[in-house]
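# Working through the structure, step by step
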Amino acid sequence: MLFQKLVGEKYHTVWFQCDKYGCDSYSGGKFYVNFTVSEFPDPEAGARREERVNYFLTDAELVSARDYQDKVIESIPKPPESYFETLQSQFSKYAELPTELVDTVRSYFEPMPLPYYRHQDFALRYWEPSDVKGWAALVESVLPGATEEMQSWSLPEYPAKKVVR
């Protein structure tokens, strides 16, 4: 889903990107909120500047986002041990470090151990529709300042392409 406005000759876009792996029956889903200024209507085409919602959060909002993420994660029922055993078995066939992969999946069900930072890319997790509504409130609070800041963004300049004859 995207919302777009032509400002001068640049497209200002706020768009929601669902995780490429979809919603998992054990760990829920996650999405990202992107803010893009670009030269074309397709926010992923051509010269552009893009930031995710975390870029616009204050230190206090970053703490609140992590606390909310932890609340969402806490509400997700832990999978049965057989789930992790199956993963271990499957990963052992193809991965060099299967135990580390299983440990990574286990961490999806634990609180975030470190604080969030503006330069850190993090997904917004959800289990219930109400979780998405909570994230929407955060995005709504950021929108005015973010869209105002986007007014000052310039597009990166790409070097002229060499013509090979």
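Our structure's up above, just so we're on the same page.
A brief look at the structure comes next. Quantities reported herein were computed from a predicted structural model and do not represent experimental measurements.

What counts and what doesn't
Residues numbered from 1 in each chain as written. Predicted model: local features only at pLDDT ≥ 70, side-chain atom pairs only at ≥ 80, totals over all residues. Heavy atoms only, no water. Salt bridge = Lys/Arg side-chain N within 4 Å of Asp/Glu carboxyl O. Helix = DSSP H or I, 4+ residues; strand = E, 2+ residues; numbered from the N terminus. Buried < 20%, exposed > 50% of the residue type's maximum accessible area, 1.4 Å probe, protein only. Arc of directions from axis to C-beta. Contact = heavy atoms within 4.5 Å. Polar contact = N/O pair within 3.5 Å; in protein donor to acceptor, adjacent residues only side chain to side chain. Core = buried A, V, L, I, M, F, W, Y, C linked by side-chain atoms within 4.5 Å. Pairing = 2+ DSSP bridges.

## Let's talk about the pattern of salt bridges
Counted by the stated rule, this structure contains five salt bridges. We note a salt bridge from Arg 49 to Glu 51, for which the minimum N-O separation is 3.2 Å. The partner of Asp 121 in a salt bridge is Arg 52, and the shortest N-O contact between them spans 2.5 Å. Taken together, the residues span a long stretch of sequence, with Asp 121 in the loop between helix H3 (98–107) and strand E5 (124–126) and Arg 52 in strand E4 (residues 48–52) at a distance of 69 residues.

## Re H3
Taken residue by residue, H3 has Pro 98, Val 102 and Val 105 as its buried positions. All buried residues of H3 project into a common sector of 55° when viewed along the axis, lining one side. Close packing links the buried residues of H3 with helix H2 (81–94).

## A few points about the side chain of Thr 13
With respect to the helices, strands and loops of the structure, Thr 13 is situated in strand E2 (residues 10–18). Here Thr 13 falls in the buried class, since its relative accessible area comes to 0%. A distance of 2.8 Å separates a polar atom in the side chain of Thr 13 from a polar atom in the side chain of Gln 4.

## Details of the environment of Cys 23
Locating Cys 23 in the fold gives a position in the loop between E2 and strand E3 (29–38). Take Cys 23: its relative accessible area is 53%, and that puts it in the exposed class. As a C-alpha pair, Cys 23 and Arg 125 span 102 residues in sequence and 9.8 Å in three-dimensional space. Cys 23 has contacts with Gly 28, Gly 29 and Tyr 126, leaving out every residue within four places of it along the chain.

## A few points about the nonpolar core
It is characteristic of soluble globular proteins that their nonpolar side chains tend to be buried jointly. Counting 23 residues, the largest nonpolar core has Val 33 and Phe 35 as its most contacted members. Elements that contribute at least two residues to this core include exactly E3, helix H1 (59–75), E5 and helix H4 (129–150). With six residues, the top contributor of residues to this core is H4. The next biggest cluster of nonpolar side chains, apart from the first, holds seven residues, and it includes Tyr 83, Phe 84, Leu 87 and Phe 109.

## Looking at the pairing of E3
Looking along a regular strand, one sees side chains alternate from face to face of the sheet. Counting buried residues along E3, nine of its 10 residues qualify, which places the element largely inside the surrounding structure. Across eight bridges, the pairing between E2 and E3 is antiparallel. The residue bridging Phe 16 from the neighbouring strand is Val 33, located in E3. Bridging between E3 and E5 involves three bridges; their strand directions are antiparallel. Note that in E5 the partner of Phe 31 across the bridge is Leu 124. Judged from the five bridges that link them, E3 and E4 form a sheet pairing that is antiparallel. Its bridge partner being in E4, Val 37 is matched across the sheet by Arg 49.

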